[in-house]
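Chain residues, written in single-letter form:
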Amino acid sequence: MSQPSLPEYIASLQAPTPDLAKLSFCASKPAKVAEWANQLRATQIAQTSAALYKCLPEVARLKTNFDSRLAILEAIRPVTHHAIEGLTRDFLQQPINLSQNAQKTAIVAQAIQKAMIEGYVRCILEICVQKRFKQTIRDSLAQALHRAITGIGLIFFRTYQLYTQPPAGYWQQLHSLFQIADYFDLLAAPVKDPQLKTRPASNVQTAYVRVLMLATARLNQLNQNDIAHIYYALESWAQYVRLHPSVLQDKDNFYLLNLHSDSGPVYKSRFNGSETDRVLELDFRVLVNQLAKQSPSNADNDLEVSAASAITVPQGFPGSLLEHLVGSWSSIAQRRQERRAVQNTAEVCVGMVNAHFMVCGEQSFEDFSNEGGLGDGFDTNVVDMLGLGVPGSSGNRAAPDNMSYAVTVQNVSAGGCCLLWKGKIPSRLKAGELIGLKEQGRHSWGIGAVRWVRQYRGESQLGIQLLANHPKPYGIAQTYDMGGYSDYMRAFYLPAAKNGNTPASLLTASAPFKELDKVKLFDGEQAVSAKLNKIMFATGSIQQFMFNTLEVPQQKRAATLGASPPKSSTPFDEDWD
C-alpha cells in the first residue's frame, strides 16, 4: 500500500480557478450574500433555482480568502438545499425514462449541487496550502470536507433514485476528500450540520461511509421512496460501519474499496487493483447484527426499538426494506441460474390490475366476479381509491388504453429475464412492481417482479424475477373478527414448484394484507376461507404469502341453490395443479 501523499490527493480534486474580481449578483461579502439569499422566495422554486443556477458557479471562481468563501457558501446552503428539494418533485415519481422537461429539471438540480461542491473544494484546496494550521483552520477544513462529501453523497443519492450511474470522477474526488481528512487527522472531528434530520452533528468519516453504504444497498432493486427511506436512515446508521486496512483475508468482509480508483465498493472477487493501491475493507457486522434484531423476521420484534438493539429504526421504515438491507450487507449477491442470450420480444403489462386482466383472458375484474355469482360483493370503488382497482370506473369492462407493450428480451434464465425497454414507459413501472409477461411464441401469460432497473439514454434495462409461468387469477378479501368480510381485491394463486422446493402461494397487493390474516379466497367459481402464513417475498408493491385453507371449498352454484356443498378431500390450494 502506498504512503499517503497530500499533493496526490489535491491533484485529483476538481474546482475552477479563481478568476473573478467580484460577484455579479451582489457585493462580494458574506453578509451581503446572506441578504441576497434571504430575499430568494422559498415558495417560488423555479425562479429561485434559476437564480442559483446562474450565480452559484461564481462563488468558486471569486478571488477571495477561504474564510470568506466558506462563509458565503454557508449563507447560501439552506436556500440551495430547499430549492433542490423543490426541484426533485418534478423529476421523481415520474416514468423511469423522464420527459425532456423532467430531464432538464434534474440537470439543473444536479448542477446547483455541483456548484456548491466546487465552492467547498476550492476552500479545501486553499486551506491545505496554509503554512500555519491553527485550530480554527482545522475546524474550517473539517467543515469544508464534510460539506463537500455530503454534497457528493446527495449527487449519488439522486442518481440512484433515477437509476443512472454517478458522474465520472466523483468517486475519485470522494476518496481524495476522505484521505485529506485522514492526513490531517480530521476523520472523527465533530461538524455541526443544520441539514441533518436526526442528529445535530456528524463527522467526515460517517459522511463518507454513508455514501459507501448507498453504493452497497442494491438500490436499483428499490423504488424511489424506499431509496429515500434508506438515505435518511443512514444518517445515523453510518457510525456502525467500520473501515479496515485490507489484507484480503477476512471472509466476512466481502466489500473492498480501492481509494486509488474512480469506483465505489466492489466484491473481493471482482477486485482488479494493484498491490500499491490503498485498499480498505467495509465491515458491516455490527450494523447487520443490530438491524437483524429489529427485522420483522425476528418473531420477538415488531420494528420498535428493541432493548437489545443500540440503533433506532425510523418510524414508518418498511419491514421488507429492513430485510433487504440485512441481505445486502450480510451476503454476496450471486446469480443462481445461468443466463442465455436470446433474440426475442415479449408482450408486457404493468401492475396488478393489468396483469390480472390479461391472465383472466382480457376479462375485467367485475366480469370475473359476476361470472362467479358474487355480484356486488366485488365492490371495486374502495380499491380504486387505493390505486389497486380497475382503471376508470368500477364498471370498466374494456381493456384500458396502452395496456401492453412490446419489449425486447435480452437474456433469460430459469428464474427470470432481462428486458430492454425503448421509448415511453408507463409511470407505474418501477423497481418492485408486478408485471405480466408473455414471450413471443407462448400462449399464456406469466407474472414477475421488476427486481432492478438501469437507466440509459433513451432506454431502460429491467431485471425481471419470474414468479409464476401459469398463475391463476383470484379474488381475496379480509375476514372480519365480528363476521363478514371486506370487498374483494385482485390476487394470484401461484402453483407449487414441480421440484417441491416452493409451496403453493398467494400473491397480493402490498396492502392491506399481512401475516396471520384470515381471508376469503375466490377462484372464479368457488369461495373458501384461508389463513395467510409467512411472507415468502415482498416489494413495495406486492407480497407473496404461504397459506392454508380453513374449510372445504363451497361451490357457489350449489350454495345459491341451497344444496349441500360437495364433499371433497382435495384442498382448495391444490385445485389448479
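Here goes a summary of the coordinates provided. (Residues numbered from 1 in each chain as written. Predicted model: local features only at pLDDT ≥ 70, side-chain atom pairs only at ≥ 80, totals over all residues. Heavy atoms only, no water.)

## Quick look at the sheet that holds strand S6 (residues 279–283)
So, step 1. Spatially, S3-S6-S4-S5 is the arrangement adopted by the 4 strands of the open sheet, whose pairing is antiparallel. Looking at which strands have only one partner, the edges of the open sheet turn out to be strand S3 (242–245) and strand S5 (266–267).
So, step 2. When S3 meets S6, the two strands line up antiparallel, connected through 4 bridges. Along S6, the bridge assignment pairs His-244 with Glu-281. (Pairing = 2+ DSSP bridges. Helix = DSSP H or I, 4+ residues; strand = E, 2+ residues; numbered from the N terminus.)

## Quick notes on the layout of surface pockets
So, step 1. Its boundaries defined by the atoms lining it, the second largest pocket holds a volume of some 780 Å³.
So, step 2. The wall of the second largest pocket is formed by 23 residues, among which Gln-103, Ile-107, Leu-162, Thr-164 and Arg-457 lie closest to the centre.
So, step 3. Of all the secondary structure elements, the ones that give two or more residues to the lining of the second largest pocket are helix H6 (100–128), helix H7 (135–161) and strand S11 (446–456).
So, step 4. In terms of residue count, H6 provides more of the lining of the second largest pocket than any other element does, 8 residues in total.
So, step 5. In terms of residue class, the lining of the second largest pocket is made up of 10 nonpolar, 10 polar and 3 charged. (1 Å grid on protein atoms, 1.4 Å probe; cavity = no way out; pocket = protein on both sides within 12 Å on 5 of 7 lines; lining within 4 Å. Points joined across faces, edges and corners; volume = space filled by probe spheres on them. Nonpolar A, V, L, I, M, F, W, Y, C, P; charged D, E, K, R; others polar.)

## Some details on the pattern of salt bridges
So, step 1. One pass over the full model with this rule turns up 11 salt bridges.
So, step 2. Note that Glu-281 is salt-bridged to Lys-268, the shortest N-O span being 3.2 Å. Highlighted residues: Glu-281 in strand S6 and Lys-268 in the loop between S5 and S6, separated in sequence by 13 residues.
So, step 3. Since its relative accessible area comes to 3%, Glu-281 is described here as buried. (Salt bridge = Lys/Arg side-chain N within 4 Å of Asp/Glu carboxyl O. Buried < 20%, exposed > 50% of the residue type's maximum accessible area, 1.4 Å probe, protein only.)

## Structural notes on the nonpolar core
So, step 1. Core analysis: the biggest nonpolar cluster contains 130 residues, and Ile-124, Met-213, Trp-237, Leu-287, Trp-329 and Leu-419 have the highest contact counts within it.
So, step 2. The contacts of Ile-124, once residues within four sequence positions are left out, are Leu-13, Leu-141, Ala-144, Leu-145, Ala-148, Leu-177 and Ile-180.
So, step 3. Residues Cys-349, Ala-449, Leu-467 and Ala-468 belong to the second largest nonpolar core, which totals 18 residues. (Core = buried A, V, L, I, M, F, W, Y, C linked by side-chain atoms within 4.5 Å. Contact = heavy atoms within 4.5 Å.)

## Digging into the packing of H6 against helix H8 (residues 170–183)
So, step 1. Viewed as axis vectors pointing N to C, H6 and H8 meet at an angle of 35°, and their least axial separation amounts to 12 Å. Considering only the axes of H6 and H8, their crossing is left-handed. Contacts between H6 and H8 pair Lys-114, Ile-117, Val-121, Ile-124 and Cys-128 from the former with Tyr-170, Gln-173, Leu-177 and Ile-180 from the latter.
So, step 2. Tallied by class, residues from the contact of H6 with H8 come to 7 nonpolar, 1 polar and 1 charged. (Axes fitted to C-alpha atoms, helices over the stretch in contact; angles between N-to-C directions. Left-handed = near helix turned anticlockwise from the far one by under 90°.)

## Notes on the environment of Ala-310
So, step 1. In this structure, Ala-310 sits in the loop between helix H11 (285–293) and helix H12 (319–330).
So, step 2. What makes Ala-310 exposed here is its relative accessible area of 54%.
So, step 3. On a C-alpha basis, the gap between Ala-310 and Lys-293 in space is 9.7 Å, while along the polypeptide they are 17 residues apart.
So, step 4. The contacts of Ala-310, once residues within four sequence positions are left out, are Tyr-240 and Gln-290.

## A word on empty space enclosed by the protein
So, step 1. Tallied over the full model, the rule gives 5 cavities of 30 Å³ or more.
So, step 2. By volume, the largest cavity is sized at about 70 Å³.
So, step 3. Lining the largest cavity are His-146, Thr-150, Asp-193, Leu-196, Ser-202, Thr-206, Ala-207, Arg-210, Leu-234, Glu-235 and Ala-238.
So, step 4. Of all the secondary structure elements, the ones that give two or more residues to the lining of the largest cavity are H7, helix H9 (204–216) and helix H10 (224–237).
So, step 5. Element by element, the count of residues in the lining of the largest cavity is highest for H9, at 3 residues.

## A short note on the packing of aromatic side chains
So, step 1. Using the criterion set out here, one finds 22 aromatic pairs in the structure.
So, step 2. On the basis of an interplanar angle of 80° and a centroid distance of 6.4 Å, the ring pair of Phe-156 and Tyr-160 is categorised as edge-to-face. Of this pair, Phe-156 and Tyr-160 both sit in helix H7, 4 residues apart, which is roughly one turn of that helix.
So, step 3. For Tyr-160, a relative accessible area of 15% gives the class buried. (Phe/Tyr/Trp six-rings, centres within 6.5 Å; stacked < 30°, edge-to-face > 60°.)

## Quick notes on the sheet that holds strand S12 (residues 459–468)
So, step 1. Pairing is antiparallel around the closed barrel formed by 6 strands, whose spatial order is S7-S8-S9-S12-S11-S10. Averaged over all adjacent pairs, the angle separating strand axes in this sheet is 45°, with direction ignored.
So, step 2. Note: strand S7 (residues 340–350) against strand S10 (residues 434–439), 5 bridges, orientation antiparallel. Bridge pairing links Ala-346 to Glu-439 in S10.
So, step 3. Together, S7, strand S8 (404–413), S10 and S11 form the strand contacts of helix H13 (residues 351–359), whose direction differs from that of S7 by roughly 100°.

## A closer look at the packing of H7 against H9
So, step 1. Close contact between H7 and H9 brings their axes to 9 Å; oriented N to C, the two are set at 15°. In this view, H7 runs roughly parallel relative to H9, as classed from their interaxial angle. Crossing of H7 over H9 shows left-handed handedness. The segment H7 lies against H9, with Ala-142, Leu-145, His-146, Ile-149, Thr-150, Gly-153, Phe-156, Phe-157 and Tyr-160 engaging Val-204, Ala-207, Tyr-208, Val-211, Leu-214 and Ala-215.
So, step 2. Taken together, the residues of the contact of H7 with H9 break down into 12 nonpolar, 3 polar and no charged. (Parallel < 35°, antiparallel > 145°, perpendicular 65-115°, else oblique.)

## Description of unusual backbone geometry
So, step 1. Following Ala-511, the chain continues into Pro-512 via a peptide bond in cis, with omega recorded as 10°.
So, step 2. By secondary structure assignment, the location of Pro-512 is in the loop between strand S15 (505–509) and strand S16 (518–522).
So, step 3. Although it is not a glycine, Gln-93 sits at a positive phi angle of roughly 55°.
So, step 4. Under the relative-accessibility criterion, Gln-93 is labelled partly exposed at 46%.

## Observations regarding H9
So, step 1. For H9, which comprises 13 residues, the first-to-last C-alpha distance of 19 Å matches the rise-based estimate of 18 Å (1.5 Å per residue) to within 8%.
So, step 2. Most of H9 sits out of view: 11 of its 13 residues are buried.
So, step 3. At the N-terminal end of H9, a side-chain oxygen is found 3.1 Å from the backbone nitrogen of Gln-205, two or three residues along, and the residue is Asn-203. (Expected span 1.5 Å × (residues − 1). Polar contact = N/O pair within 3.5 Å; in protein donor to acceptor, adjacent residues only side chain to side chain.)

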